[in-house]
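One-letter residues, chain by chain:
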Amino acid sequence: MTSVTEALPALKISERLDRIEVSATMAVVAEAEKLRQSGVDVVDLSLGEPHFSTPQHVKDAAIAAINGNFTKYTAIGGILELRDAIISRHTRDFGSAYKRDEVMASVGGKHALFNAVQVLVDHGDEVILPVPYWVSFKDIVRYAGGTCVMLQSDEAAGFRVTADMVAGLVTPRTKLIILNSPGNPSGAVMSPQDLTEVVRLAAERGIWVLSDECYVYLNYSGRSFSIGALNDHRQRIVVVGSLSKTYAMTGWRMGYALAPAPVISAMAKLQSQATSSPPAMVQKAAVAALNGPQDCVADMKKEYIRLRDQILAGLATIPGIKCSRPEGAFYVYPNISGLLGRGGVNTPAEFAKRLLHEAHLATVPGEGFGTHEHVRISYATRQSELDRGIERLRSFVSSL
Ligand SMILES: Cc1ncc(COP(=O)(O)O)c(C=O)c1O
């Protein structure tokens, strides 16, 4: 008798799936988890999520929604109450002026981003992507059939990206520029002036700008700004936002897009054939988060600034590590080129692997973000964990 396995046909994965990779951050998480399960005490500074709990009033809204049987399908792009809440939060905080047909909710910011790129990018289109980039941008563009044109940011100027740098990469095939400020993994913040100039350049040349604002509320530079407020150029702008980091809601899966009505309508069409709406009770929780008191956001931001200063101070005491000062998000992206070549460690991937296995500290190697001299460290954790992490890093570096 043939076994079930023998009878299975060989799996030919689709060509479009073959274009993408598993996220580099997920790979580290899996390896750290394996170690932890074997009883090792791992300090995990690899995670891209807040260590805070979701605020109580947000949880209460979801529980009330469930108990009130608000548990059915909703409109694809979210209930009106939620779409209004997204618009009015953005208007109050950034001075934008979106209308109801210019907003939709999705299952996380990543989902909104995925929808937007699939709608805008065709086979052969070029997408300008500043390096270092968040891992998923590259794969989402490739999945759509686009080609990423990498823009090397200026590390010495805090990973700065300017309109001149963008202009040097524009070709007749350029369709889209992806911006992410504050950015993952560098924590770099683009100035309102640089952002405005990039948008102006793009609009003049008929290029779309997608601004990933998942960390827009974790901007420590004191210059909170959204390109969504640039009304003169709104016909070329897609803003993607998320409640994940702002309200410590990573597991709830709630994000949104603000864009011209035809783009939103196309994104909703795609979403209607994939996930339908985000979960009904999560939408109610999101309304509570967006319309409710915002001091939880300010409190978390204050704590991240304190943790950022603490990790920068720790890194500054480790010879061979240089770190530019991030002005937002909750990552540092130290340059470890001064350590490569020592102790048989030649790449960030080897560095991070040995750091994990020998010192039990999880970080993410820079290769996944498009650079070859860095590791990403998340400081969204308790102070005591950061202290332990810095000590492990210090003793690993001195062992090289
Ligand atoms: C730059 C950036 N964009 C988008 C996301 C996705 O966030 P979510 O899908 O949880 O809203 C992340 C998550 O790490 C991110 O770092």
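The shown structure was predicted, so the numbers you read here are calculated from the model rather than taken from an experiment. (Residues numbered from 1 in each chain as written. Predicted model: local features only at pLDDT ≥ 70, side-chain atom pairs only at ≥ 80, totals over all residues. Heavy atoms only, no water.)

## Quick word on the sheet that holds strand S11 (residues 364–365)
Pairing in this open sheet of three strands is antiparallel, and the strands run S9-S12-S11 from one edge to the other. Whereas interior strands pair on both sides, the edge strands pair on one side only; in this sheet they are strand S9 (331–332) and S11. (Pairing = 2+ DSSP bridges. Helix = DSSP H or I, 4+ residues; strand = E, 2+ residues; numbered from the N terminus.)

## Points about the packing of aromatic side chains
Taken as a whole and judged by the stated rule, the model has 11 aromatic pairs. With a centroid separation of 5.2 Å and an interplanar angle of 45 degrees, the aromatic rings of tyrosine 304 and phenylalanine 330 are classed as tilted. With tyrosine 304 in helix H12 (residues 295–316) and phenylalanine 330 in the loop between H12 and S9, this residue pair connects regions lying 26 residues apart in the sequence. The same class applies to tyrosine 304 as to phenylalanine 330, namely buried. Its end group placed over the ring of tyrosine 98, arginine 234 keeps NZ or CZ at 4.3 Å from the ring centre. (Phe/Tyr/Trp six-rings, centres within 6.5 Å; stacked < 30°, edge-to-face > 60°. Buried < 20%, exposed > 50% of the residue type's maximum accessible area, 1.4 Å probe, protein only. Lys NZ or Arg CZ within 6 Å of the ring centre and 35° of its normal.)

## Comments concerning the pairing of strand S5 (residues 174–179)
Summarising burial for S5: five of the six residues are buried, a large majority. Here strand S3 (residues 126–131) pairs with S5 via three bridges, running parallel. Bridge pairing in S5 places valine 127 opposite leucine 176. Pairing between S5 and strand S6 (residues 208–212): four bridges, direction parallel. What sits directly across from leucine 176, in S6, is tryptophan 208. With respect to chirality, the unit in which S5 leads through helix H9 (residues 192–204) into the neighbouring parallel S6 is right-handed. (Right-handed = clockwise from strand over helix to strand, strands pointing away.)

## A look at helix H5 (residues 80–94)
Here H5 contains 15 residues, and its C-alpha end-to-end distance of 21 Å stays within 8% of the 21 Å for a straight helix at 1.5 Å per residue. Every buried residue belonging to H5 is among Leu82, Arg83, Ala85, Ile86, Ile87, Arg89, His90 and Phe94, and all of these are buried. Contacts from the buried residues of H5 go to strand S2 (103–106), strand S7 (237–242), strand S8 (255–258) and helix H11 (280–291). At the exit of H5 stands glycine 95, carrying a positive phi of roughly 75 degrees. (Expected span 1.5 Å × (residues − 1). Contact = heavy atoms within 4.5 Å.)

## What to know about the packing of helix H6 (residues 109–120) against helix H10 (residues 261–272)
Contact pair H6 / H10: the axes reach a minimum separation of 9 Å and the direction vectors enclose 110 degrees. One finds that H6 runs roughly perpendicular with respect to H10. Judged by residue contacts, His111, Ala112, Asn115, Ala116, Gln118, Val119 and Leu120 of H6 engage Val263, Ala266, Met267, Leu270 and Gln271 from H10. Residues that form the contact of H6 with H10 fall into these classes: eight nonpolar, four polar and no charged. (Axes fitted to C-alpha atoms, helices over the stretch in contact; angles between N-to-C directions. Parallel < 35°, antiparallel > 145°, perpendicular 65-115°, else oblique. Nonpolar A, V, L, I, M, F, W, Y, C, P; charged D, E, K, R; others polar.)

## Focus on the site of the ligand
Around the ligand there are 13 residues in total, and Gly109, Asp212, Ser242, Ser244 and Lys245 lie nearest to it. One nitrogen or oxygen atom from the main chain of glycine 109 is found 2.6 Å from an oxygen atom belonging to the ligand. One of the side-chain N or O atoms of aspartate 212 is found 2.6 Å from a nitrogen atom in the ligand. For the ligand, the accessible surface in isolation is 390 Å², of which the surrounding protein chains cover 92%. Considered class by class, the residues forming the shell around the ligand number three nonpolar, six polar and four charged. (Near = heavy atom within 4 Å. Polar contact = N/O pair within 3.5 Å; in protein donor to acceptor, adjacent residues only side chain to side chain. Areas by Shrake-Rupley, 256 points an atom, 1.4 Å probe, with all protein chains shown as cover.)

## A closer look at the packing of helix H4 (residues 56–67) against H11
Helix packing for two helices is described by the angle between their axes and how far apart those axes are. Two numbers describe how H4 lies on H11: the axes approach to 8 Å, and their chain directions differ by 145 degrees. Note that H4 runs across H11; the crossing there is right-handed. Contacts between H4 and H11 involve His57, Val58, Ala61, Ala62, Ala65 and Ile66 from the former and Met281, Lys284, Ala285, Ala288 and Ala289 from the latter. Grouping the amino acids of the contact of H4 with H11 by side-chain chemistry returns nine nonpolar, one polar and one charged. (Left-handed = near helix turned anticlockwise from the far one by under 90°.)

## Re the pattern of salt bridges
Pairs may arise between side chains of opposite charge once their charged atoms sit close together. In total, this model carries 21 salt bridges according to the counting rule given. In this structure, the salt-bridge partner of aspartate 44 is arginine 36, at a minimum N-O distance of 3.0 Å. By relative accessible area, arginine 36 is classed as partly exposed at 31%. As a salt-bridge pair, aspartate 309 and arginine 308 come within 3.0 Å of each other at their nearest N and O atoms. (Salt bridge = Lys/Arg side-chain N within 4 Å of Asp/Glu carboxyl O.)

## So, the sheet that holds S6
Pairing is mixed across the open sheet formed by seven strands, whose spatial order is S2-S8-S7-S6-S5-S3-S4. The two strands at the open ends of the sheet, each matched to only one other strand, are S2 and strand S4 (147–152). Recorded for the sheet is a direction-independent mean angle of 20 degrees between the axes of neighbouring strands. Strand direction decides the pairing type here: S6 and S7, joined by four bridges, are parallel. The partner of leucine 210 across the bridge, within S7, is valine 238. Strand contacts of H9: S5, S6 and S7, with the helix running at about 170 degrees to S5, the strand carrying the most contacts. Relative to S2, H10 is tilted by about 25 degrees, and along the sheet it contacts S2, S6, S7 and S8.

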